[in-house]
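Reading the structure
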Amino acid sequence: MTERIYYTEPSCRSFEATVTRVDERDGRSVVTLDRTAFYPTSGGQPFDTGRLGAANVIETIDEESEVIHVVSGVLSAGDRVRGEIDWARRFDHMQQHTGQHVLSAAFDRLFDNRTTSFHMGADVSTIDLAREAAAAEIDRAVDEANLVVWEDREVSVRFVTADEAARLPLRKDPVREGTLRLVEIRDFDLSACGGTHVSRTGAIGMIAVSNAERFRGGSRITFVCGGRASRTFRTYRDAVSGAVRVLSVLPHELPGAIERAQLESKDLRRTVSRMQAQLAGHEAARLLEGAQVAAGRRVVVQSLEGWDAAGIKAIAGALSAESGVVAVLVSLGSPVAAVVARSQDVALDSSKALRILLDRFGGRGGGRPELAQGAGLVGKIDDILAAAREYVRSVHL
Ligand SMILES: [Zn+2]
């Protein structure tokens, strides 16, 4: 059984211990000690890392009565070692975890809205509330929680029996039996918890909610505390000041400005595609005038300048709307886009014709017998057009 130093001394950063066992598990070296200050993943709080003698502790696991340290480095049973916790990581976890107690208690006290689960991630943490919380309720709970932070209330730990706990006003029914560890925030919150917490609420710094969404009939609240709140503010500041500069508006005007820009660009896209369709009709008529006539069919095999893939497709569509037309159009530029199309009354298989061009000049594409489209062809335009003409000539139209 490992003595867990963090239960009674959560601010302990380094300690002396004796290695009781060294094993190998899934190719990893795992070590148990007679006592440890390394916190193993549990109750929503992630594990500690750090040093154990000359070895690195890369993960800490809770296993019934023992704490397992996954290490890189060589240790032997009986070794006397010094453990050093990565304090920046642990202190961050303590800020988030204590902040969670305060925030959950605020929702509980103000709105009788219970926290059903807690998860601490690498960047943000979440609590799930039993009932859906309105935006104004969330703001009020955060304000209340920050008052408790700034009042710098004492956070204390004590151990009680299950019977004693049953008589206490715990925020949440304890899930464990036997001796319970209670964490109390003076005159604000009392709950059973095995995690590590700061010793006064002032060390949380501040609590900020960054997102809220509906979740399983309640709300999932995403929040950051202390150092994470400051880093999140910095990220938001950079994003907002960048957007404000580009759009020349004040921060609170951003949503409206972005919406207007999106509507404008949607309008423009619609106008462009309408004009492109009209222009495609004119271009198709011009191409038909110069079409080669073979066996009663009008054949248009052409490269077109100033048209993109969508443009040549629109022209090919306009051409094939006429009767007795075969069209192979390629855009100028590198790589080349190509469209093959034919009228309803022509026997050519457009996708087969395109496949022959793609096999020879590369690129990707496909389509139907009436119209096929490809892109990424590499080669001289004249060679591509010559190959297309040769194929069309070889087919009985
Ligand atoms: Zn806790």
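Let me begin by describing the structure that accompanies this report. Note that the coordinates shown come from a computational prediction; the quantities given were computed from them, not determined experimentally.

1. As for the pattern of salt bridges
The tally for this structure, following the rule as stated, stands at 23 salt bridges. Glu16 is the salt-bridge partner of Arg82, the closest N and O atoms lying 2.8 Å from each other. Residue Arg82 is found in strand β8 (residues 80-85), and its partner Glu16 is found in strand β2 (residues 14-25); the two are separated by 66 residues along the sequence. With relative accessibility at 40%, the residue Arg82 sits in the partly exposed group. A salt bridge links Arg200 to Asp152, with the shortest nitrogen-to-oxygen separation between them at 3.3 Å. Taken together, the positions of Arg200 in the loop between β13 (189-192) and β14 (207-215) and Asp152 in the loop between α3 (135-150) and β11 (155-160) put the pair 48 residues apart, joining distant regions of the chain. Given a relative accessible area of 37%, Arg200 falls into the partly exposed group.

2. Focus: the layout of surface pockets
Computed from the structure, the largest pocket encloses a volume of approximately 890 Å³. Lining of the largest pocket is provided by 38 residues; of these, Gly43, Arg176, Ala192, Cys193 and Gly194 occupy positions nearest its centre. When residues of the lining of the largest pocket are traced back to their parent elements, those giving at least two are β1 (3-4), α1 (5-8), α2 (87-111), β9 (115-120), β12 (180-185) and β13. No other element matches the four residues that β9 contributes to the lining of the largest pocket. Counted by class, the lining of the largest pocket contains twelve nonpolar, 16 polar and ten charged residues.

3. Overview of the packing of aromatic side chains
Aromatic rings considered in pairs are described by the distance between their centres and by the relative angle of their planes. One pass over the full model with this rule turns up four aromatic pairs. For the pair Tyr6 and Tyr7, a centre-to-centre distance of 5.1 Å together with 70° between the ring planes defines the contact as edge-to-face. A relative accessible area of 1% places Tyr6 in the buried class. By the ring-pair criterion, three or more aromatic residues cluster together here, those being Tyr6, Tyr7, Tyr39 and Phe159. Here the guanidinium or amino end of Arg220 rests over the ring plane of Phe215, the centre of that ring lying 3.8 Å away.

4. A closer look at the side chain of Arg297
Relative to the assigned elements, Arg297 resides in strand β17 (residues 297-304). The side chain of Arg297 is buried and forms no salt bridge, while Asp345, the nearest opposite charge, is found at 4.0 Å. Side-chain polar atoms of Arg297 contact the backbone oxygen of Asp345, separated by 2.9 Å. With near-sequence residues (within four places) excluded, Arg297 lies in contact with Gln292, Gly324, Asp345, Val346 and Leu397.

5. Some remarks on the state of the cysteines
Within the structure shown, the criterion is met by zero disulfides. Cys225 carries a free sulfur, and the closest cysteine sulfur to it, the one in Cys193, is 14 Å from it.

6. Some details on the coordination of the zinc ion
Looking at the metal site, the zinc ion is ligated by His97 (NE2), His101 (NE2), Cys193 (SG) and His197 (NE2), spaced 2.0 to 2.2 Å from it. For the zinc ion, the four donor atoms are set out with angles of 96 to 122° between them, so the coordination reads as tetrahedral. If you list the donors of the zinc ion from N- to C-terminus, the spacing comes out as H-x3-H-x91-C-x3-H. Taken together, the residues His101 in helix α2 and His197 in the loop between β13 and β14 connect sequence positions 96 residues apart. Exposure class is identical for His101 and His197. Each is buried.

7. Considering the sheet that holds strand β16 (residues 292-294)
Spatially, β16-β17-β18-β19-β21-β20 is the arrangement adopted by the six strands of the open sheet, whose pairing is mixed. One side of each edge strand has no neighbouring strand; the edge strands of this open sheet are β16 and β20 (364-367). Sheet twist, expressed as the mean angle between neighbouring strand axes with direction ignored, is 15°. Pairing analysis gives seven bridges linking β17 to strand β18 (residues 325-331), with the strands arranged parallel. Note on β18: the bridge partner recorded for Arg298 is Val325. Against the sheet, helix α6 (residues 254-289) makes contact with β17 and β18, and its axis sits at roughly 120° relative to β17, the strand it touches most.

8. Side note on the environment of Ser350
You can see Ser350 is positioned in helix α8 (residues 350-361). Judged by its relative accessible area of 0%, Ser350 falls in the buried class. Distance from Ser350 to Ile221, taken between C-alpha atoms, is 55 Å for residues 129 residues apart in sequence. When neighbours within four sequence positions are excluded, Ser350 is seen to be in contact with Val340, Ala341, Arg342, Arg368, Pro369, Glu370, Leu371 and Ala372. Polar side-chain contacts of Ser350 include one of 2.7 Å to the backbone oxygen of Pro369. A distance of 3.2 Å separates a polar side-chain atom of Ser350 from the backbone oxygen of Glu370.

9. Side note on the side chain of Glu66
By the element assignment, Glu66 lies in strand β7 (residues 66-72). A polar contact is formed between the side chain of Glu66 and the side chain of Arg21, at a distance of 3.5 Å. Glu66 has contacts with Met1, Thr2, Arg4, Arg21, Thr32 and Ile61, leaving out every residue within four places of it along the chain.

10. Brief notes about the pairing of β14
Examined bridge by bridge, β14 and strand β15 (residues 218-225) share eight bridges and lie antiparallel to one another. Residue pairing in the sheet places Arg214 in a bridge with Ser219 of β15. Linking two consecutive strands that pair antiparallel, namely β14 and β15, is a turn of two residues; a positive phi of about 45° is found at Arg216 within it.

Rules used throughout
- Residues numbered from 1 in each chain as written.
- Predicted model: local features only at pLDDT ≥ 70, side-chain atom pairs only at ≥ 80, totals over all residues.
- Heavy atoms only, no water.
- Salt bridge = Lys/Arg side-chain N within 4 Å of Asp/Glu carboxyl O.
- Helix = DSSP H or I, 4+ residues; strand = E, 2+ residues; numbered from the N terminus.
- Buried < 20%, exposed > 50% of the residue type's maximum accessible area, 1.4 Å probe, protein only.
- 1 Å grid on protein atoms, 1.4 Å probe; cavity = no way out; pocket = protein on both sides within 12 Å on 5 of 7 lines; lining within 4 Å.
- Points joined across faces, edges and corners; volume = space filled by probe spheres on them.
- Nonpolar A, V, L, I, M, F, W, Y, C, P; charged D, E, K, R; others polar.
- Phe/Tyr/Trp six-rings, centres within 6.5 Å; stacked < 30°, edge-to-face > 60°.
- Lys NZ or Arg CZ within 6 Å of the ring centre and 35° of its normal.
- Lys, Arg positive; Asp, Glu negative; His and termini not counted.
- Polar contact = N/O pair within 3.5 Å; in protein donor to acceptor, adjacent residues only side chain to side chain.
- Contact = heavy atoms within 4.5 Å.
- Disulfide = S-S within 2.5 Å.
- Donors = N, O, S within 2.8 Å, 3.2 Å for Na, K, Ca; no water.
- Tetrahedral: all angles 85-135°; square planar, octahedral: opposite > 155°, others 65-115°.
- Pairing = 2+ DSSP bridges.
- Axes fitted to C-alpha atoms, helices over the stretch in contact; angles between N-to-C directions.

Just geometry here; none of it tells us what the structure is for.
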